[in-house]
Amino acid sequence: MTTRRRTTASDCNKNSELTLLPDPVGGFRRILMLTLLFAIVVLPCLALYNATYLSRFLHGSPQNSLANLSLESEEAKLESVLKAASMKDKTVIITTLNEAWAAPNSIFDLFLESFKIGENTKGLLNHVVIIALDQKAYKRCLEVHPHCYALTVEGVDFSVEAYFMSKEYLKMMWSRIDILRVVLELGYNFLFTDADIMWFRDPFQRFYEDTDFQIACDNYALNDSYDLNNMPNGGFTFVKSNTRSIQFYKFWFASRNKYKNKHDQSVLMLIKHNPFLKNIGLKIRFLNTLYFGGFCEPSKDFNQVSTMHANCCFGLDTKIHDINIMLDDWRNYTSSSPSLKSSWSSTWRVPQNCSIKNFDRDYKPKRLVQEGKKD
């Protein structure tokens, strides 16, 4: 029984060194043997070389090909979710969730509740895309909401509560900036909202039309939407998809390498005066806390407020406590008669537990304390 062996590169080299002895039969047989030798040995070697060369030229290394296929597949999944949730002008509302915030009776439920009790906000839920940062958050999202996307960041566990400025917190914030850049590149405008922002009125009525990037503030003391010295809060941004905004998000994300161990909002504070933003022609404006308030600076007018953010607050339980009080304040307002509403003078009863004065720099979520984990 004859065993066939695959021709290898070493075979090619060995055969190239063969010396043919004179053939007593004559020149014709010698030519025939050379022809057969070329067909059997040299042609397979050339074919093997050409196939390998063309494969590398057209597709790159096998690892890069697989990575590109994976990236294209994930972008296709994301675009499918965005398309299903999009408004007619390709605008979507986006928030992110991890397991701690997505659990029943946690932040996610309060977020959804605010849309349901807000004025003309319930329909906006059809345009909300939830980016889940872990599988449990994704599963919970699928149970209660139609537009969910699972974002996986290799080597990072986003399921536990990421307390302020921890390594997990920073990675979560920068992952958010990166995927928002992808959304812009796919051609979608987005209104990003933290899930601890309660929606009481349609905020789109309060946005500026001639602006690429507009962002809420922790404080609006300067009373000027153009003043770059305002204190921005990255938890609420409305961004239009264009070349300027895409370049800006790339620059913002890349700046994390220059400013180590800082979160996205701190880096924004450092780069908002950078000449690069002026050079690309990015139009930035800041949103008034009268319409987009928060615990740092609550809106002073129930008749004009669109959203309220549980900012200047640390700890999940603390947030939930104060958000519930805020929702009760809103219910009291909406259940009142039109005449009473028009003269409404009551103020928010929050912040309470969320007071910045009670900020505990050593705070760690209960789960981490119980498991004895360290940052």
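So, how was this worked out
- Residues numbered from 1 in each chain as written.
- Predicted model: local features only at pLDDT ≥ 70, side-chain atom pairs only at ≥ 80, totals over all residues.
- Heavy atoms only, no water.
- Salt bridge = Lys/Arg side-chain N within 4 Å of Asp/Glu carboxyl O.
- Helix = DSSP H or I, 4+ residues; strand = E, 2+ residues; numbered from the N terminus.
- Buried < 20%, exposed > 50% of the residue type's maximum accessible area, 1.4 Å probe, protein only.
- Core = buried A, V, L, I, M, F, W, Y, C linked by side-chain atoms within 4.5 Å.
- Pairing = 2+ DSSP bridges.
- Axes fitted to C-alpha atoms, helices over the stretch in contact; angles between N-to-C directions.

**Student:** I'm lost on the pattern of salt bridges in this one. Help?
**Tutor:** Any two side chains of opposite charge can pair, on the condition that their charged atoms come close. Taken as a whole and assessed by the stated rule, the structure comprises 16 salt bridges. Of the charged contacts, one joins arginine 140 and glutamate 143 as a salt bridge, the two residues approaching to 3.9 Å between their closest N and O atoms. Here the residue arginine 140 and the residue glutamate 143 both occupy positions in helix 6 (residues 135-144), the gap between them amounting to 3 residues, near one helical turn. A relative accessible area of 13% means that arginine 140 is categorised as buried. Exposure remark for glutamate 143: the relative accessible area of 55% places this residue in the exposed category. Here aspartate 196 makes a salt bridge to lysine 319, at a shortest N to O gap of 2.6 Å. On the criterion of sequence distance, the pair formed by aspartate 196 in the loop between strand 4 (189-193) and strand 5 (197-199) and lysine 319 in helix 11 (residues 316-334) is long-range, its members being 123 residues apart. Each member of the pair aspartate 196 and lysine 319 is classed as buried.

**Student:** Teacher, can you tell me more about the nonpolar core here?
**Tutor:** Generally speaking, soluble globular proteins have nonpolar side chains that are buried together. Counting residues in hydrophobic clusters, the biggest one holds 51 residues, and the most contacted among them are Phe111, Trp199, Phe236, Met326 and Trp348. Of all the secondary structure elements, the ones that give two or more residues to this core are strand 1 (91-97), helix 4 (99-102), helix 5 (107-117), strand 2 (128-132), helix 6, strand 5, strand 7 (231-239) and helix 11. Looking at this core, the element that brings in the most residues is helix 11, giving 8 residues. The next biggest cluster of nonpolar side chains, apart from the first, holds 43 residues, and it includes Ile177, Leu180, Val182 and Leu277.

**Student:** Hey, could you run me through the sheet that holds strand 10 (residues 307-309) in this one?
**Tutor:** Sheet strands associate in pairs through backbone hydrogen bonding, adopting either a parallel or an antiparallel arrangement. Strand order in the open sheet made by the 3 strands is 5-10-9, with mixed pairing throughout. Looking along the sheet, the strands with just one partner apiece sit at the ends: strand 5 and strand 9 (292-294). Between one strand axis and the next, the sheet turns by 25° as a mean value, whatever way the strands run. In this structure, strand 9 lies alongside strand 10, joined through 3 bridges in parallel fashion. Note that in strand 10 the partner of phenylalanine 292 across the bridge is threonine 307.

**Student:** Explanation requested: the pairing of strand 4 in the structure shown.
**Tutor:** Sheet faces and side chains relate simply in a regular strand, where the side chains alternate between the two faces. Counting buried positions over the 5 residues of strand 4 gives 5, a clear majority of the element. Side chains of strand 4 alternate between two faces, with Asn189, Leu191 and Thr193 and Phe190 and Phe192 buried alike. For strand 1 and strand 4, the ladder comprises 4 bridges, and the chain directions are parallel. Note that in strand 4 the partner of isoleucine 94 across the bridge is phenylalanine 192. As paired elements, strand 4 and strand 7 share 4 bridges and run antiparallel to each other. Bridge pairing in strand 7 links threonine 193 to phenylalanine 236.

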